[in-house]
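Take a look at the letters that make up each chain.
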Amino acid sequence: MFFDELDSPEFRKALECTHFHTQDSKIGQHLVTYLTIERFEELLWLAWHHDRKNVQISRNSEQLDGEKRALDIIRISEQVLKDGFSIIVNFAETFDSKIASLCAGLGEKMGGVVNAAIFLTPPSTKAFRPHYDTMEVYAVQLIGSKRWQLSRKATELPLTKNTLPNDTGFENPEDIVLESGDMLYAPRGQAHSVTVGEEAYSLHISFALNPISISDVLLENINSKKRSSKLMREGYNAFQHKGEGFESLGQINKEATNKYILEKAYKNLKAQNFSKMNQVPGVLSGLINFGKLENASNMYYRRLGTPLEVVLLEDAKNVAIGFPGLAQGRFSADRSLLIFPSAALTMLEFIRDNKNGFFIENIPGPLNIESKTTILDRLKFEKVIEKK
């Protein structure tokens, strides 16, 4: 439903290697209300604590140095944004079931594997230098606006990403400004330069489609033949010394390019990809499945005797949970506090004050169940609570 625009004649024409821009799209309307800056903060925290490689901090293709990356992301985010860096959560579908559902739906519709990345970019900056990608890009603007400059000529179906030396590589580029709710499709190989305006921060999500190619389908056919044909499993050196049988290979090649067999292989690959994206791995170890958590109501936790202190930090964007008298323990960067997004304040105060145990569904606050589960897992690891 959200990708109905992709069935339009205009978009189908855009698949002939040109971009497509739609204002106030259905997918944009949906995501603008869901992917708020508060939800981005939650996803940033989830991604960072699961695997820091999922978070990219970039300014005009310059990456943040390793020393700063060792600090807590929520604590340093304000400073790196002031320094002109963008914060990017890659593979966002791993941490959010709704985004996972959208990725799977787009992949099923367009035939390929889809990943999502969310970009928070400060004013008057760009995350990357001008470049073109090896995948199809569907960008949805969530907050603020972004100016996309797109080359009028594209590199034909590139196999490797290429960063251009500077903006001068564009000859008479096309200018498109994405406002909140707008969607832009940019095909692989179309160079683009993306800049945020001077007044406000920008938040946008990009869906990257890696389409099933002709070579993928042919390889699927060859591999299926390998399972059923003794000839295909034979060593090539021994086969060629027999001096016969090449006609048989020609027959196999003819069968491999038969339209009916190609369609069957394509459908098999689509089904395999859809199955992979349906079962989202990542931070919840496979519990996420399009918004359903298995046995969530049976997840019962009991607080241990560790003394706790919940503190709202000065910038009012973060909240910390401290362990009085245990400053020498193994905790976060300052070794005495665990830093969480401010949206977790109500949840942490509930855990601090609850002495009798609780179910996940009883926990108050704005966090969704994925975020709550991750925070509970972290507190369980720190021996603040135990799961019964």
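Residues numbered from 1 in each chain as written. Predicted model: local features only at pLDDT ≥ 70, side-chain atom pairs only at ≥ 80, totals over all residues. Heavy atoms only, no water.

Draft legend 1. The nonpolar core, seen in detail. Core analysis: the biggest nonpolar cluster contains 63 residues, and Ile99, Ile205, Phe207 and Phe340 have the highest contact counts within it. Broken down by element, this core gets its largest block of residues, 7 residues, from helix H3 (residues 37–50). Setting aside residues up to four positions removed in sequence, Phe207 forms contacts with Leu31, Ile99, Leu102, Cys103, Leu106, Val114, Asn115, Ala116, Glu136, Val137, Tyr138 and Val140. Ala139, Trp148, Ile176 and Ala186 belong to the second-largest nonpolar core, a separate cluster that totals 8 residues. (Core = buried A, V, L, I, M, F, W, Y, C linked by side-chain atoms within 4.5 Å. Buried < 20%, exposed > 50% of the residue type's maximum accessible area, 1.4 Å probe, protein only. Helix = DSSP H or I, 4+ residues; strand = E, 2+ residues; numbered from the N terminus. Contact = heavy atoms within 4.5 Å.)

Draft legend 2. Examining helix H2 (residues 26–34) more closely. All of the buried residues along H2 are Ile27, Gly28, Leu31 and Tyr34. For H2, the buried positions fall inside an angular range of 135° around the axis, keeping them on one side. Next to the buried residues of H2 lie H3, helix H6 (97–110), strand E7 (136–143), strand E11 (183–186) and strand E13 (202–211). (Arc of directions from axis to C-beta.)

Draft legend 3. Highlighting the layout of surface pockets. What the largest pocket holds in volume is close to 600 Å³. In this structure, the largest pocket is lined by 27 residues; those nearest its centre are Ala117, Phe119, Phe128, Asp133 and Met135. Those elements that provide at least two residues to the lining of the largest pocket are strand E5 (112–121), strand E8 (146–154), strand E12 (190–196) and E13. It is E13 that provides the largest number of residues to the lining of the largest pocket, a total of 5 residues. Here the lining of the largest pocket is composed, by residue class, of 12 nonpolar, 10 polar and 5 charged. (1 Å grid on protein atoms, 1.4 Å probe; cavity = no way out; pocket = protein on both sides within 12 Å on 5 of 7 lines; lining within 4 Å. Points joined across faces, edges and corners; volume = space filled by probe spheres on them. Nonpolar A, V, L, I, M, F, W, Y, C, P; charged D, E, K, R; others polar.)

Draft legend 4. Region of the structure containing the environment of Asn318. Relative to the assigned elements, Asn318 resides in strand E16 (residues 318–322). When the C-alpha positions of Asn318 and Glu41 are compared, they lie 9.7 Å apart, and in sequence the two are 277 residues distant.

Draft legend 5. Focus on the sheet that holds E5. Pairing in this open sheet of 8 strands is antiparallel, and the strands run E1-E11-E7-E13-E5-E4-E2-E3 from one edge to the other. Only two strands of the sheet have a single neighbouring strand rather than two, namely strand E1 (20–22) and strand E3 (62–63). Of the strand pairs in this sheet, E1 and E11 are connected by 3 bridges, and their pairing is antiparallel. Across the sheet, residue His21 finds its bridge partner in E11, namely Leu184. Its contacts with the sheet place H6 against E5, E7 and E13, and it is angled at close to 135° to E5. (Pairing = 2+ DSSP bridges. Axes fitted to C-alpha atoms, helices over the stretch in contact; angles between N-to-C directions.)

Draft legend 6. Here's a closer look at the packing of H3 against helix H13 (residues 369–381). In the contact formed by H3 and H13, the axes pass within 11 Å of each other and the chain directions differ by 40°. Taken together, the axes of H3 and H13 lie oblique to each other. In this structure, H3 crosses over H13, and the sense of that crossing is left-handed. In this structure, H3 contributes Arg39, Glu42, Trp45, Leu46 and His49 to the contact, and H13 contributes Glu370, Ser371, Thr374, Ile375 and Arg378. In the contact of H3 with H13, the residues fall into 3 nonpolar, 3 polar and 4 charged. (Parallel < 35°, antiparallel > 145°, perpendicular 65-115°, else oblique. Left-handed = near helix turned anticlockwise from the far one by under 90°.)

Draft legend 7. Region of interest: the pattern of salt bridges. Applying the stated criterion across every chain, the model contains 7 salt bridges. Residue Glu42 is joined to Arg39 by a salt bridge in which the shortest nitrogen-to-oxygen separation is 2.5 Å. Here Glu42 pairs with Arg39, and both are found in helix H3, just 3 residues apart, close to one helical turn. The class for Glu42 is buried, based on a relative accessible area of 7%. Judged by relative accessible area, Arg39 falls into the buried class, the value being 5%. (Salt bridge = Lys/Arg side-chain N within 4 Å of Asp/Glu carboxyl O.)

Draft legend 8. The sheet that holds strand E14 (residues 300–303), seen in detail. With antiparallel pairing, 3 strands are arranged side by side in an open sheet as E18-E14-E19. A strand with exactly one partner marks an edge of an open sheet, and here the two such strands are strand E18 (358–359) and strand E19 (385–387). With 2 bridges joining them, E14 and E18 adopt antiparallel strand pairing. Across the sheet, the residue bridging to Tyr301 is Phe358, located in E18. Lying on the sheet, H13 is in contact with E14, E18 and E19; it crosses E19 at an angle near 110°.

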